[in-house]
Amino acid sequence: MPTLIKNAIVITLDAEMAVHDRGWLRIEGDRIKAVGAGDPPLDFAAEVIDADGDIIMPGMVNPHCHMAMSLFRGLGEDVDDRLFRYILPIERKFVTAEMVRTGSRLAALELIQGGVTTVADMYYFETEVGRVVDEAGLRGVVGQTLADFQPPDHASFDEGFERVEELVAEFSGHDRVTPSIAPHAPYSTGVPVMARVAQWAADHPDVPVQMHLAEMESELDWCAKNHALRPVEVVELAGLLRKGLIAAHCLLVDEADIAALARNGVGVAHNARSNGKAGRGIAPIEAMRKAGIPVGIATDGAMSGNTLDLFSQFAPVSIFQKLLGHSRKPMPAAEVIRMATIEGARVLGLDARIGSLEPGKQADLIRIDLSAPRLHPIYDIYSMLVFAAIASDVRDVMVAGRWLMRERKVLSLERKKVLRDALQIASALKAEMTAIDAGR
Ligand SMILES: [Zn+2]
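Computed from a prediction, not measured in an experiment: that's the story for all the values here.

## Section: the nonpolar core
- Ranked by size, the top nonpolar core spans 123 residues in total, and within it Ile55, Phe72, Leu213, Leu261, Met288 and Phe314 carry the most contacts.
- The greatest single-element share of this core, amounting to eight residues, is contributed by helix α2 (residues 97-113).
- Summarising the domain contributions, this core has at least three residues from each of domain 1 (3-58 + 361-410) and domain 2 (60-347).
- Every residue in contact with Leu261, bar those within four places of it in the chain, is listed here: Leu213, Val232, Leu241, Cys250, Val253, Val266, Met288 and Ile293.
- Of all hydrophobic cores here, the second largest spans 14 residues; its members include Ala8, Ile27, Ile32 and Trp403.

Here it is, written out as structure tokens:
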């Protein structure tokens, strides 16, 4: 049955940034059929939902995440060497297909409750992540990670490519789940492997490539020492700086790097909170966007930023650029919401299908409850969303015409079971940390 949502503030994020203060939207199957202002045409065949003046906007896009790592949230806080002290040993010992499934379900619940409808993920046992994204009803770009530090699901790059092939075989042609290949970073793959990925990607034009790029000083050092180049140049040398590459971070980029990213059609996933919390710095996203690079707003894994909540990224995204520019002007709120929706979709190559509320696009949308006093008065609807709204203001979530959440209750996952399974794994991780600290 078609759905008609009326009496809503419809924020379209279309090319004109149209906002209908009293608008409506008609959904048929998995698509948006029509969007309009005022009273909708009489329609007796549709289920009519009165939004009671709430906001209807596109579902949000999180273009860089490690869903399963939600089980590592808050682990080893403020310890500078925690990656080598805790994370890598724990990953080697505990990360299994089952753990990835459990962690990804916990993440899926959080993403849905925060109004994220599309997520790009990179991790191990990624076929399991794809299955969880599918069962949760989300849309995802799921990337099998390749790395040389003895990751838990491949002992060699040949085995890593086998994992990629399995993932692609399971999900190619899927409506909502796009398989992807994810070389971890320049220093953890190396030029020959990146060149092999570039060749493989050329043979599989529908499979997007994701990677961490220009994230930290030690990466600059590795690139300088081994190639006398900068990270972006090393990736270009390997032939991997290509259209559709989803590059996470791009924190340590200079003018020439930005020009190279723009020239090659790369999209960037900006992780303001995760970068800030690691003390790494602020990515020059104003300069990148001015150069024509699409930039989306991402959470990174919950190990790095503690949350998969995009609303909690918005203020830092805007404030960091204002601090860099010593001015109120940089990164206006409307631009932040663009990045969280249509521009994030462009980073993932999905902007023809999602990211705005327009006829013909997929019905991926969220309803924001405006009952909290915190949200009023509204002089600028985008600044309200960026600086005042919080994730729990999201009331309903729809992906491809299917409700995943109504009245804050997630319909596609069993909340209690997901939490119980997650806490069980967390207690084992806690015991392991205690053993590491005791030097056992
Ligand atoms: Zn990451």
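That covers the picture; the talk isn't over yet.
## Side note on the pattern of salt bridges
- Inspection of the entire model under this criterion finds 29 salt bridges.
- Close ionic contact of Asp54 with Arg367 constitutes a salt bridge, the shortest N to O distance being 2.8 Å. Of this pair, Asp54 sits in the loop between β4 (47-50) and β5 (55-58) while Arg367 is found in strand β14 (residues 365-368), placing the two residues 313 residues apart along the sequence.
- The exposure class of Arg367 is buried, given its relative accessible area of 5%.
- Linking Asp158 and Arg196 is a salt bridge whose minimum nitrogen-to-oxygen distance equals 2.9 Å. Here Asp158 is found in helix α4 (residues 157-171), whereas its partner Arg196 is found in helix α6 (residues 191-203), with 38 residues between them in sequence.

## A short note on the side chain of His64
- Relative to the assigned elements, His64 resides in strand β6 (residues 60-65).
- Judged by its relative accessible area of 2%, His64 falls in the buried class.
- Engagement of the side chain of His64 in a polar contact is seen with the side chain of His212, the distance being 3.1 Å.
- Not counting residues within four places of it along the chain, the set of residues in contact with His64 comprises Ala120, Met122, His212, Ala248, His249, Ala269, Asn271, Ala298, Thr299 and Asp300.

## Some details on the sheet that holds strand β11 (residues 246-249)
- The strand order across the open sheet formed by four strands is β10-β11-β12-β13, and the pairing between neighbours is parallel. Because the sheet does not close on itself, it has two edges, and the strands there are β10 (210-213) and β13 (295-297). Strand-to-strand twist across the sheet, computed as the mean angle between neighbouring axes with direction ignored, equals 30°.
- Note: strand β12 (residues 267-270) against β13, three bridges, orientation parallel. Within the sheet, the bridge partner assigned to Ala269 lies in β13 and is Gly296.

## Some thoughts on helix α9 (residues 255-263)
- Of all the residues in α9, the buried ones are Asp257, Ile258, Ala260 and Leu261. On an axial view of α9, the arc spanned by its buried residues comes to 160°, and they lie on one face. Residues of α9 that are exposed and angled more than 90 degrees away from the buried face: Glu255, Ala256 and Arg263.
- For α9, the secondary structure elements touched by its buried residues are β10, α8 (231-237) and α11 (285-290).
- Its side-chain oxygen at 3.1 Å from the backbone nitrogen of Ala256, Asp254 defines the N-terminal cap of α9.
- Looking one or two places after α9, you find Gly265, whose phi comes out positive at around 70°.

## Concerning the environment of Leu229
- Secondary-structure assignment places Leu229 in the loop between α7 (217-227) and α8.
- Among the residues examined, Leu229 registers a relative accessible area of 26% and is labelled partly exposed.
- Apart from residues lying up to four places away in sequence, Leu229 is in contact with Cys223, Ala224, Val234 and Leu237.

Basis of the calculations
- Residues numbered from 1 in each chain as written.
- Predicted model: local features only at pLDDT ≥ 70, side-chain atom pairs only at ≥ 80, totals over all residues.
- Heavy atoms only, no water.
- Core = buried A, V, L, I, M, F, W, Y, C linked by side-chain atoms within 4.5 Å.
- Buried < 20%, exposed > 50% of the residue type's maximum accessible area, 1.4 Å probe, protein only.
- Helix = DSSP H or I, 4+ residues; strand = E, 2+ residues; numbered from the N terminus.
- Domains from an automatic or database assignment.
- Contact = heavy atoms within 4.5 Å.
- Salt bridge = Lys/Arg side-chain N within 4 Å of Asp/Glu carboxyl O.
- Polar contact = N/O pair within 3.5 Å; in protein donor to acceptor, adjacent residues only side chain to side chain.
- Pairing = 2+ DSSP bridges.
- Axes fitted to C-alpha atoms, helices over the stretch in contact; angles between N-to-C directions.
- Arc of directions from axis to C-beta.

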